[in-house]
Amino acid sequence: MKILAIETSCDETAVAIVENGQKVLSQKIASQVDLHNLTGGVVPEVAAREHPLKIWPLINEVLKESKVDLKDIDAVAATAGPGLLPSLLTGYLTGRTIAEYLKKPFVPVQHVLGHVYANFLEREKIDFPFVCLTVSGGHNQIMLMRDYFDFEIIGSTRDDASGEAFDKVAKLLGLGYPGGPIISKLAEKGKPGEIDLPLVWLNENNQKEKWDQANFDFSFSGIKSAVRRLVLSQKKITKKFQADVSYAFQYAVTKVLATKLVYAAKKYNAKEVHLAGGVSANKFLREMIKQEMEDLNIDLPFRVPESFVYCTDNAAMVGAVAYFQIKEGVLPCVKDADPGLDIQLYKK
Ligand code: KG4
Ligand code: ZN
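Only a predicted model underlies this, so the values are computations on that prediction, with no experimental measurement involved.

**So, the overall build of the protein**
Next up, step 1: When its secondary structure is counted, the protein shows 10 helices and 12 strands.
Next up, step 2: Its C-alpha atoms give the protein a radius of gyration of 20 Å, near enough to 20 Å, the size a compact globule of 348 residues would have.
Next up, step 3: Across its three principal directions, the C-alpha atoms of the protein cover 60 × 45 × 35 Å.
Next up, step 4: Taking all 348 residues of the protein together, the buried fraction comes to 53%.
Next up, step 5: A sequence separation of at least 24 residues applies to 72% of the contacts in the protein between residues at least 6 apart.
Next up, step 6: Accessible area of the protein: about 15500 Å², with a carbon and sulfur share of 52%.
Next up, step 7: Here the protein contributes 42 positive and 43 negative side-chain charges, whose respective centroids are spaced 3 Å apart.

Structure follows, in structure tokens:
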């Protein structure tokens, strides 16, 4: 089954053709990074105006590259939410219109589930149950995936998502957008122990707990405020200061993310440990998770997206969810899946 998939929830226009939920026949992404670098973050109206300019050329490119004729597409899928409504509308309406024209099913897809399914791409087999930490600019949650659409959100952020924190800290330090890749690069030059930032465990004493007592929620706004105070206390923002803060910030965020994910794997007897979303591109975080698994004697497959393009927003992951929605006979609960709504529940 070949699915034409579209993703326009934020600032990337992405289109893909995915076969049987796993094989990516072609995928293209038009990034708006240069545009948003000018403002140090995404301006929703600016992002929305770009999508209609990019979407048709991308659709034509993936059809050409995959050598798939439009009439041979079996279904069309698009991200329905959550995301920026004006951005979502372009992908959603374009996908829906093509599906109507082809008289093929239209599948609305939940964006965060999309990130989880990025780990199904180009892989033969995934074992349930698994735990997945999805960390991006807008989302930060641990999901227990019992089956394709039988899942539970066992922990989320109480304020900022970790990617959002990376972006805001980069802005405070006078660096560019998006902050994650810039901070992780600078952190390589930072000196461990030079700057101390709080690790936020969200329990009474704010201490790292044992795995069987942990809660799985996160908070990153306090670390961001601590960085702001540090920045204000400096006469001059030097390169060394930027690098040391980057290291301390990245350490504080990734240590908590990695620990809670691995604790969740142990508590719920997971068969695999997954990491997804834009921040999953962070190598330090990947290493930290492997280290935490080793420390807790957890010998399970650790999966990250097969390619870096499947970490950040892309359409291939949307095609993967849509395929399994069709295969498992599962539809979003939200009536007609209004674009912009967070499709929280799925049912047979
Ligand atoms: O998944 P994504 O493309 O969009 C959302 O759904 O939000 O994630 C984008 C986020 C940005 O906040 C960006 O700073 C972060 O992912 N990011 C990273 C890295 N690469 C991207 N964060 C930390 N380290 C990275 N290497
Ligand atoms: Zn995303």
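Picking up where we left off.
**Details of the pairing of strand β1 (residues 2-7)**
Next up, step 1: Of all 6 residues making up β1, 5 are buried, and the element is well covered by its neighbours.
Next up, step 2: Pairing geometry for β1 and strand β2 (residues 12-19), over 6 bridges, is antiparallel. Bridging across to β2, Leu4 finds its partner in Ile17.
Next up, step 3: A loop of 4 residues connects β1 with β2, the two strands running antiparallel in sequence.
Next up, step 4: Where β1 meets strand β4 (residues 75-81), 4 bridges bridge the pair, whose relative direction is parallel. Bridge assignment links Leu4 to a residue of β4, and that residue is Val76.

**Details of the coordination of the zinc ion (ligand 2)**
Next up, step 1: Summarising the metal site, the zinc ion (ligand 2) is bound by the protein donors His111 (NE2), His115 (NE2) and Asp313 (OD), whose distances to it range over 2.0 to 2.1 Å.
Next up, step 2: Every donor counted, the 4 donor atoms about the zinc ion (ligand 2) form angles of 96 to 137° at the centre, which fits irregular coordination.
Next up, step 3: Each donor residue of the zinc ion (ligand 2) lies on the same chain, and together they follow the pattern H-x3-H-x197-D. With His115 in helix α4 (residues 111-117) and Asp313 in the loop between β10 (302-303) and α10 (316-328), the pair connects residues that are 198 residues apart, well separated along the chain.
Next up, step 4: A residue is classified by how much of its surface remains accessible, and His115, at 0% relative accessible area, is buried.

**Examining the environment of His36**
Next up, step 1: Within the element layout of this structure, His36 appears in helix α1 (residues 33-37).
Next up, step 2: For His36, a relative accessible area of 0% translates into the label buried.
Next up, step 3: The spacing of His36 and Pro178 is 142 residues in sequence and 8.4 Å in space, taken between C-alpha atoms.
Next up, step 4: What His36 contacts, discounting residues up to four positions off in sequence, is Asp11, Gly41, Val42, Val43, Val46, Ala47 and Tyr177.

**A word on a positive patch on the surface**
Next up, step 1: There is a patch of like positive charges on the surface, built from Lys185, Lys189, Lys236, Lys239 and Lys283.
Next up, step 2: Within the secondary structure, Lys189 is located in the loop between α6 (179-187) and α7 (221-232).

**Here we look at the packing of aromatic side chains**
Next up, step 1: The full count for this structure, using the stated rule, is 17 aromatic pairs.
Next up, step 2: Measuring from ring centre to ring centre gives 5.8 Å for Tyr117 and Phe324, while their planes differ by 50°; the resulting arrangement is tilted. Taken together, the residues span a long stretch of sequence, with Tyr117 in helix α4 and Phe324 in helix α10 at a distance of 207 residues.
Next up, step 3: Under the relative-accessibility criterion, Phe324 is labelled buried at 3%.
Next up, step 4: Joined through ring pairs, the aromatic side chains of Tyr117, Phe120, Phe128, Phe130, Tyr148, Phe149, Tyr323 and Phe324 make up one cluster.
Next up, step 5: The ring of Phe218 has Lys260 sitting right over it, with the charged end atom 5.7 Å from the ring centre.
Next up, step 6: For the cation-ring pair, Lys266 lies above Trp211, with the distance from its terminal atom to the ring centre recorded as 5.0 Å.

**Re the sheet that holds strand β6 (residues 130-135)**
Next up, step 1: One open sheet holds the 5 strands; their spatial order is β8-β7-β6-β9-β10, and the pairing between them is mixed. Two strands lie at the open edges of the sheet, namely β8 (150-156) and β10, each paired on one side alone.
Next up, step 2: Inspection of the sheet shows β6 paired to strand β9 (residues 272-276) by 5 bridges, in the parallel sense. Bridged to Thr134 within β9 is Ala276.
Next up, step 3: Helix α8 (residues 239-267) contacts β6, β7 (140-147), β8 and β9 of the sheet and is inclined by roughly 160° relative to β6.

**A closer look at the pattern of salt bridges**
Next up, step 1: Tallying each qualifying case throughout the model produces 19 salt bridges.
Next up, step 2: With its nearest N and O atoms 3.3 Å apart, the salt bridge here joins Glu306 to Arg123. Pair noted here: Glu306 is in the loop between β10 and α10 and Arg123 is in the loop between α4 and β6, with a separation of 183 residues, a long-range link.
Next up, step 3: By relative accessible area, Glu306 is classed as partly exposed at 45%.
Next up, step 4: The exposure class assigned to Arg123 is buried, which follows from its relative accessible area of 11%.

The rules behind these values
All residue numbers here refer to positions counted from 1 along the written sequence of the relevant chain. Naming scheme: in the order in which they are written, chains are lettered from A and ligands are numbered from 1. For this predicted model, a pLDDT threshold of at least 70 governs which residues receive local features, and a threshold of 80 or more governs which side-chain atom pairs are given and counted, while totals over whole chains, interfaces and linings are taken from all residues. Each side-chain value is derived from all of the structure's non-hydrogen atoms; neither hydrogens nor water enter the calculation. Secondary structure is summarised from DSSP: a helix means a run of H or I of at least four residues, a strand means a run of E of at least two, and numbering begins at the N terminus for each. For a compact globule the rule gives 2.2 Å times the number of residues to the power 0.38, and the radius of gyration it is set against comes from C-alpha atoms. Burial classes: relative accessible area under 20% of the type maximum marks a residue as buried, over 50% as exposed, and values in between as partly exposed (1.4 Å probe, protein chains only). Throughout, a residue-residue contact means that at least one pair of heavy atoms, one from each residue, lies within 4.5 Å. Computed with a 1.4 Å probe, the accessible areas rest on the Shrake-Rupley method; for each residue, only the protein chains presented here act as cover. In this tally, Asp and Glu contribute negative charge and Lys and Arg positive charge; neither His nor the terminal groups of the chain are included. To locate a charge, take atom NZ for lysine, CZ for arginine, CG for aspartate or CD for glutamate. DSSP-based pairing: two strands are paired if at least 2 bridges between them are found. With water excluded from the atoms, a metal site may look incomplete; its donors are any N, O or S atoms within 2.8 Å, or within 3.2 Å for Na, K and Ca. Angular criteria define each label, namely tetrahedral for four donors with all angles between 85 and 135 degrees, square planar for four and octahedral for six donors with opposite donors over 155 degrees apart and remaining angles between 65 and 115, and irregular for whatever fails these tests. Note on patches: the residues involved have over 30% relative accessible area and no salt bridge, like charges join within 9 Å, and the nonpolar side chains Val, Leu, Ile, Met, Phe, Trp and Tyr join within 5 Å. Salt bridge, as used here: a side-chain nitrogen of Lys or Arg that lies within 4 Å of a carboxyl oxygen of Asp or Glu. Note on aromatic contacts: the rings of Phe and Tyr and the six-membered ring of Trp form a pair at centre separations within 6.5 Å, being stacked when their planes are under 30 degrees apart, edge-to-face when over 60 apart, and tilted otherwise. Lysine NZ or arginine CZ positioned within 6 Å of the ring centre and within 35 degrees of the ring normal marks a charge as sitting over the ring. Fitting a line to C-alpha atoms yields each axis, with helices limited to the stretch in contact; the angle taken between N-to-C directions then spans 0 to 180 degrees.

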